[in-house]
Amino acid sequence: VGPKLFQYVVKVIVQAIQLLYTMLKIEQPSYILLQNPPGLPSIAVAWVACLFWGSKLIVDWHNYGYTVMSLSHGRSHPLVHIAEWYEKLFGRLSDYNLCVTNAMKEDLWVNCNIKAVTLYDKPASYFRETPLELQHHLYMKLAKDYEPFKPRAEAVGSPAEQSAFTEVNEKSGCVIKTRERPALLISSTSWTEDEDFSILLKALEGYEQYINEGAELPSLVCVITGKGPLKDYYNGLISQLHFKHIQICTPWLEAEDYPLLLGSADLGVCLHKSSSGLDLPMKVVDMFGCCLPVCAVHFECLHELVKHDENGLIFRDSNELAEQLKMLFLGFPTLEGKLHNFRKNLRASKQLRWDESWDRTVLPLLGQNE
């Protein structure tokens, strides 16, 4: 009820009271670890709770809340300025600070006088390449609800248990990949303003055009997972596209199926553009955990994660992405080529997993300060 500003202030006050009440009921902690954003009102509440308990406050900076807010309100909006002042003030009151990039570490020091330690996001242990039998099981499960996972029309009469990508060999009983299978491209999103999916849709139009002009490219199944406010808008755009060689679906996957699908895909696409230019997309971290090569849209510090022409490619617009899709999928599914090399490089990199990274970076930090 009332003006939007009044609604927002009331919401923040109510959330602050609820959160503080909940936190003061827990057993006394040695540390309170807070991920920011969202930091309004949680940074202030966590700081008050730390005063009450005599605990240490650790802020884990993944981005700036005020830059996320500026996407919908504009950079000059008074609320954005208030949020910026609030975030910097209470950020300085923390005992320890972690951040996700070296660029953010520098920015926190220069602009906020906050000393932070870089703790790169790492994939959980269940993000890994998916064995072929599990891939087949997942495809058969998804084929019940999503048309692109069903076998092509000319293969429907086959007696083998079959999906668009895999089938069970009748003689050996082993799972094999189908001949002339489509390539599986995956992207994930929360369908918000910081990801412009029209870039991908225009690139797919370019890819379709390449096939129509005679390029030896496979059909494409493009899966975009997630939920969010702009999903209906983009589904409307997708419904207006009439591809012959590309199928698009936007499923909401069960939690256990998402890493399996990443580990089964041929290429990941990331359209995350950081609101601050200082954070890295977690979805790419998870894709790399599955040894899945990535095409990612350029922003300032992306090079700290995606090494162009080594574990993936960086593009700036839809035309460049279309060119990259053409280059990567030319002659698919032969093993040679850049896609194969990227995957080989990801396997060889033997990335740290989340728990190992935490033990190496954070535990020594806390131990030194005891």
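For the structure, see preceding data.
Predicted model, so just to flag it, every value in this text is computed and none were measured.

What counts and how
Residues numbered from 1 in each chain as written. Predicted model: local features only at pLDDT ≥ 70, side-chain atom pairs only at ≥ 80, totals over all residues. Heavy atoms only, no water. Pairing = 2+ DSSP bridges. Helix = DSSP H or I, 4+ residues; strand = E, 2+ residues; numbered from the N terminus. Axes fitted to C-alpha atoms, helices over the stretch in contact; angles between N-to-C directions. Contact = heavy atoms within 4.5 Å. Core = buried A, V, L, I, M, F, W, Y, C linked by side-chain atoms within 4.5 Å. Buried < 20%, exposed > 50% of the residue type's maximum accessible area, 1.4 Å probe, protein only. 1 Å grid on protein atoms, 1.4 Å probe; cavity = no way out; pocket = protein on both sides within 12 Å on 5 of 7 lines; lining within 4 Å. Points joined across faces, edges and corners; volume = space filled by probe spheres on them. Nonpolar A, V, L, I, M, F, W, Y, C, P; charged D, E, K, R; others polar. Domains from an automatic or database assignment.

Thoughts on the sheet that holds strand β7 (residues 183-188)
The strand order across the open sheet built from 6 strands is β9-β8-β7-β10-β11-β12, with neighbouring strands paired in parallel fashion. Each edge of the sheet is formed by a strand with only one pairing partner; in this case those strands are β9 (246-249) and β12 (312-315). Ignoring strand direction, the axes of neighbouring strands in this sheet form an average angle of 20°. The sheet contact formed by strand β10 (residues 267-270) and strand β11 (residues 294-297) spans 3 bridges and is parallel. Residue Gly-268 lies in a different strand from β11, and its bridge partner there is Val-294. Contacting β7, β8 (220-225), β10, β11 and β12, helix α11 (residues 318-329) runs over the sheet at an angle of about 160° to β12.

Description of the nonpolar core
Among the nonpolar cores identified, the biggest contains 37 residues, and Leu-200, Leu-204, Ile-248 and Phe-329 are the most heavily contacted of them. Counting residues per element, this core draws most heavily on helix α7 (residues 198-212), which supplies 8 residues. Contact partners of Phe-329, with chain neighbours within four places excluded, come to Ala-183, Leu-185, Tyr-207, Glu-216, Leu-217, Pro-218, Leu-220, Asp-266, Leu-267 and Leu-339. Counting residues in hydrophobic clusters, the runner-up holds 36 residues, among them Leu-138, Phe-288, Leu-292 and Leu-305.

Observations regarding the layout of surface pockets
Empty space within the largest pocket amounts to approximately 850 Å³. Of the residues that constitute the lining of the largest pocket, the class distribution is 11 nonpolar, 12 polar and 8 charged. If you count residues domain by domain, the lining of the largest pocket takes at least three from each of domain 1 (4-122 + 355-367) and domain 2 (132-150 + 181-349).

Quick look at the sheet that holds strand β1 (residues 31-36)
Reading across the sheet, the 4 strands line up as β1-β2-β3-β4 and stay open at both edges, with parallel pairing between neighbours. Each end of this open sheet is capped by a strand with a single partner; those strands are β1 and β4 (117-118). Across the sheet, helix α5 (residues 102-112) is in contact with β2 (56-61), β3 (96-99) and β4; its angle to β3 comes to roughly 140°.

Here's the deal with helix α3 (residues 65-73)
Note on helix geometry: an α-helix contains 3.6 residues per turn, so any two residues three or four positions apart are oriented the same way. Those residues of α3 lying buried are Gly-65, Tyr-66, Thr-67, Met-69 and Ser-70. Where α3 is buried, its residues touch α1 (4-24), β1 and α4 (78-91). Of the residues trailing α3, Gly-74 is marked for its positive phi of about 95°.

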